[in-house]
Amino acid sequence: MTQDPFVAHRSLLFTVAYEMLGSAADAEDVLQESWLRWADVDRSQVQDPRAYLVRTVTRQALNRLRTMSRSREDYVGQWLPEPLLTSPDVAEDVELAESVSIAMLTVLETLGPTERAVFVLREVFEMPYGEIAEATGKSAAAVRQIARRAREHVAARRPRVPVSRSEQQAVVERFLAALRTGQLQELLDVMAPDVVLIADGGGLAAAAPAPVHGAELVANLLARPDRVVSAVWLNGAPAGRIEMDGRLAAVSLVVENGKVTRIHAMANPRKLTRLDEPAELAR
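Starting afresh in each chain, residues are numbered from 1 along the sequence in its written order. Local features are withheld for residues below a pLDDT of 70 in this predicted model, meaning they are given only at 70 or higher, and side-chain atom pairs are given and counted only at 80 or more; totals for whole chains, interfaces and linings count all residues. Side-chain figures throughout are based on the complete set of non-hydrogen atoms in the structure, without hydrogens or water.

Comments concerning the sheet that holds strand E5 (residues 247–256)
Next up, step 1: Spatial ordering of the open sheet is given by E2-E1-E6-E5-E4-E3, a layout of six strands whose pairing is mixed. Strands at the two margins of the open sheet, each flanked by one partner only, are strand E2 (212–213) and strand E3 (228–234).
Next up, step 2: A pair of strands is considered paired only if DSSP assigns at least 2 bridges between the two. Numbering of helices and strands runs from the N terminus, with a helix taken as a DSSP run of H or I at least four residues long and a strand as a DSSP run of E at least two residues long. The sheet contact formed by strand E1 (residues 191–200) and E2 spans two bridges and is antiparallel. Across the sheet, the residue bridging to Val-196 is His-213, located in E2.
Next up, step 3: Residues count as neighbours in contact if any of their non-hydrogen atoms are within 4.5 Å of one another. Between the N-to-C directions of two axes lies an angle of 0 to 180 degrees, each axis being a line fitted to C-alpha atoms and, for a helix, fitted only over the stretch in contact. The sheet contacts of helix H12 (residues 215–222) involve E1, E2 and strand E6 (259–266), and relative to E1 the element is tilted by about 50°.

Description of the packing of aromatic side chains
The geometry of an aromatic ring pair comes down to the distance between the two centres and the angle between the two planes.
Next up, step 1: Two rings from Phe, Tyr or Trp (for Trp, the six-membered ring) form a pair when their centres are within 6.5 Å of each other. A pair whose planes differ by under 30 degrees is stacked, one over 60 is edge-to-face, and the rest are tilted. Per the stated rule, a full pass over the model turns up three aromatic pairs.
Next up, step 2: Taken together, a centroid distance of 5.2 Å and an interplanar angle of 65° make the contact between Phe-6 and Trp-35 edge-to-face. Residue Phe-6 is located in helix H1 (residues 5–8), and its partner Trp-35 is located in helix H3 (residues 24–39); the two are separated by 29 residues in the primary sequence.
Next up, step 3: For the pair Trp-38 and Tyr-52, a centre-to-centre distance of 5.8 Å together with 50° between the ring planes defines the contact as tilted. Separated by 14 residues along the polypeptide, Trp-38 in helix H3 and Tyr-52 in helix H4 (residues 49–71) bring together distant segments of the chain.
Next up, step 4: Burial classes follow relative accessibility: with a 1.4 Å probe on protein chains only, a residue under 20% of its type's maximum area counts as buried, one over 50% as exposed, and anything between as partly exposed. Judged by relative accessible area, Tyr-52 falls into the partly exposed class, the value being 25%.

Section: the side chain of Asn-268
Next up, step 1: Along the chain, the position of Asn-268 falls in the segment after E6.
Next up, step 2: Relative accessible area serves as the criterion here: at 5%, Asn-268 is assigned to the buried category.
Next up, step 3: Those residues in contact with Asn-268 that lie beyond four places of it in its chain are Tyr-75, Asp-200, Gly-201, Gly-202 and Leu-204.

With respect to the packing of H4 against helix H8 (residues 129–136)
Next up, step 1: Here H4 crosses H8 at 45°, and the two axes come no closer than 8 Å. Here H8 runs oblique to H4, going by the angle between their axes. Seen along the crossing, H4 lies across H8 with a hand that is right-handed. Along the contact surface, H4 presents Ala-51, Arg-55, Thr-58, Arg-59 and Leu-62, while H8 presents Glu-131, Glu-134, Ala-135 and Thr-136. Angles are sorted into four bins: roughly parallel if under 35 degrees, roughly antiparallel if over 145, roughly perpendicular if 65 to 115, and oblique for all others. By definition, turning the near helix anticlockwise from the far helix through less than a right angle yields a left-handed crossing, and turning it clockwise yields a right-handed one.

Here we look at the pattern of salt bridges
Next up, step 1: Put simply, a salt bridge is a Lys or Arg side-chain nitrogen that is within 4 Å of an Asp or Glu carboxyl oxygen. For the coordinates displayed, the defined rule picks out 20 salt bridges.
Next up, step 2: Between Lys-271 and Asp-200 there is a salt bridge whose closest N-O contact spans 2.6 Å. Separated by 71 residues along the polypeptide, Lys-271 in the segment after E6 and Asp-200 in strand E1 bring together distant segments of the chain.
Next up, step 3: By relative accessible area, Asp-200 is classed as buried at 0%.
Next up, step 4: Ionic pairing is found between Glu-243 and Arg-241, a salt bridge with its closest N-O pair at 3.6 Å.
Next up, step 5: Judged by relative accessible area, which is 38%, Glu-243 ranks as partly exposed.
Next up, step 6: Arg-241 gets classed as buried once you look at its relative accessible area, which sits at 18%.

This is the structure:
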């Protein structure tokens, strides 16, 4: 029995929805809605099931994204993407790993819904402009212009210096070791002087309500010895899992020139439900 195309492409469809939404829970809802629409389709009329399903998921994700953009205006504190546990294998696909990184998803959050959809479909999944136009309800010419603006927007905000996987891993390990000891100087040594800490508690966990700038302020916030720190792979990159007083947090780092320049700390418990089983991601 031939596998249903939706099942065969589910990892791809989830990745498309997740990159557009920054939320695994919302991505799963989009897949459920898309599956219901797929179930009613006359399959004999579908020439390219993969492209058809990506278009369907894109439209549903756009609808969800427009609704979410309004609700996020009322979000308590800083908003960060929902982290996903991933296997180290995801990092082997460098472009996929970068596209699902917490840093990239945070940048994508600054795009409008259509710009985000066009960027993801074109830059990550290399879809033809014509297919993106059909998925987003725009002309191919308009999609080309949107894609150019989105590329420029993202390029101006993404990390400036590419970092090798080995360097990223070495710096993350140093940072996590410093967290385990709670030693102030060890934290200062591994962070850039202008490091920024962004914490997402969603009003449900203790978190700084605004970004914290500067190594000394950040180190003083983080220098506590009473917690369990372990290394994990999140969103295709080495990261940290922190347990303290029965509470859980996930930490993702941006590394440049051998130092931590940005710390994304996710403490909202509603966003930490996918840290036990690796997500299946695909391009």
